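One-letter residues, chain by chain:
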Amino acid sequence: EDQVTQSPEALRLQEGESSSLNCSYTVSGLRGLFWYRQDPGKGPEFLFTLYSAGEEKEKERLKATLTKKESFLHITAPKPEDSATYLCAVQSPGNQFYFGTGTSLTVIP
Amino acid sequence: IAGITQAPTSQILAAGRRMTLRCTQDMRHNAMYWYRQDLGLGLRLIHYSNTAGTTGKGEVPDGYSVSRANTDDFPLTLASAVPSQTSVYFCASSRSGNNEQFFGPGTRLTVL
């Protein structure tokens, strides 16, 4: 069964304190892994797509990496405006998309 | 407009009533999707459409139907609403089935 598990469920960081969010997945024939950011009361906003193990993508303070079993979203020197829920999703060969339940990040000034 | 719009923003509905959630995109994206988001369960795919005229079932399609008569619109219909369909519904679109998805603002639906 295709599954996505994100950890931790919630994370509180001091401003400037770097950390990583984890997304573990089990899917046969991964077609893509996606990271989104979701602010309260809004729809998810796209961050990154990763297609193969070893691939990395960066955007400002965020860096996403991918292995055959998991992906990490590294946050370097976070700021309060990085506070949000971060969602991971995988696409299976059957064109199905499976989302994790997210990591709620709070960055304290 | 630019992006995806959904209507209504929120709705309270009596059980057994029929309801259509509307979704329109102006990006000329080929693929469109409907998700529901529930606390503790995350986003779950209900139905999708890879191109106008075609639709497919997602993870939780029961009780819902969709149509894709043209590129821009992808309505989701609840034929006879039940309380377990209380949720926040998000519509999304992507250039093709392999690309990142752009999400609408959501519709908060309560079925009593």
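Look up: the structure comes first, before these words.
Procedures and definitions
Residues numbered from 1 in each chain as written. Chains lettered and ligands numbered in written order. Predicted model: local features only at pLDDT ≥ 70, side-chain atom pairs only at ≥ 80, totals over all residues. Heavy atoms only, no water. Pairing = 2+ DSSP bridges. Helix = DSSP H or I, 4+ residues; strand = E, 2+ residues; numbered from the N terminus. Axes fitted to C-alpha atoms, helices over the stretch in contact; angles between N-to-C directions. Contact = heavy atoms within 4.5 Å. Buried area = accessible area lost by both parts, 1.4 Å probe. Salt bridge = Lys/Arg side-chain N within 4 Å of Asp/Glu carboxyl O.

Student: Got a minute to help me understand the sheet that holds strand β1 (residues 3-7) of chain A in this structure?
Tutor: Through backbone hydrogen bonds, the strands of a sheet pair up, either in parallel or in antiparallel fashion. Residues and elements named next belong to chain A. Read across the sheet, 5 strands follow the order β1-β3-β8-β7-β6 without closing on themselves; strand pairing throughout is antiparallel. Strands with a single pairing partner mark the edges of an open sheet, and in this sheet they are β1 and β6 (56-59). Here the strands of the sheet are splayed against their neighbours by 15° on average, with no regard to which way each runs. One ladder, built from 4 bridges, connects β6 with strand β7 (residues 62-66); its direction is antiparallel. Within the sheet, the bridge partner assigned to Lys-57 lies in β7 and is Ala-64.

Student: Is there a simple way to think about the interface of chain A and chain B in this case?
Tutor: Accessible area lost upon the coming together of the parts is a frequently used measure of interface size. Chain A puts 21 residues into the contact, and the matching count from chain B is 22 residues. Of the roughly 1600 Å² buried where chain A meets chain B, counting both sides, 49% is carbon and sulfur surface. Where chain A touches chain B, the interface holds 0 salt bridges.

Student: I'm lost on the sheet that holds strand β3 (residues 19-25) of chain B in this one. Help?
Tutor: All names here are of chain B. Spatially, the 4 strands line up as an open sheet ordered β1-β3-β8-β7, and their pairing is antiparallel. Edge positions in the sheet fall to β1 (4-7) and β7 (64-66), since each has one partner strand and no second. The mean inter-strand angle of the sheet, taken between neighbouring strand axes irrespective of direction, is 20°. Sheet analysis places β1 next to β3, joined by 4 bridges and oriented antiparallel. The residue of β3 that forms the bridge with Thr-5 is Thr-24.

Student: I tried to follow unusual backbone geometry on my own but got confused; where do I start?
Tutor: A negative phi angle characterises most non-glycine residues, just as the trans form characterises most peptide bonds. Here the residue pair Ser-7 of chain A and Pro-8 of chain A is connected by a cis peptide bond, since its omega of -10° sits within 30 degrees of zero. Of note, Pro-8 of chain A is situated in the loop between β1 and β2 (10-14). Following Ala-7 of chain B, the chain continues to Pro-8 of chain B via a peptide bond in cis, the omega torsion being -5°. Its location among the elements puts Pro-8 of chain B in the loop between β1 and β2 (10-13). Positive phi, close to 45°, is recorded for Ala-77 of chain A, a residue that is not glycine. Its location among the elements puts Ala-77 of chain A in the loop between β8 (70-75) and β9 (84-91).

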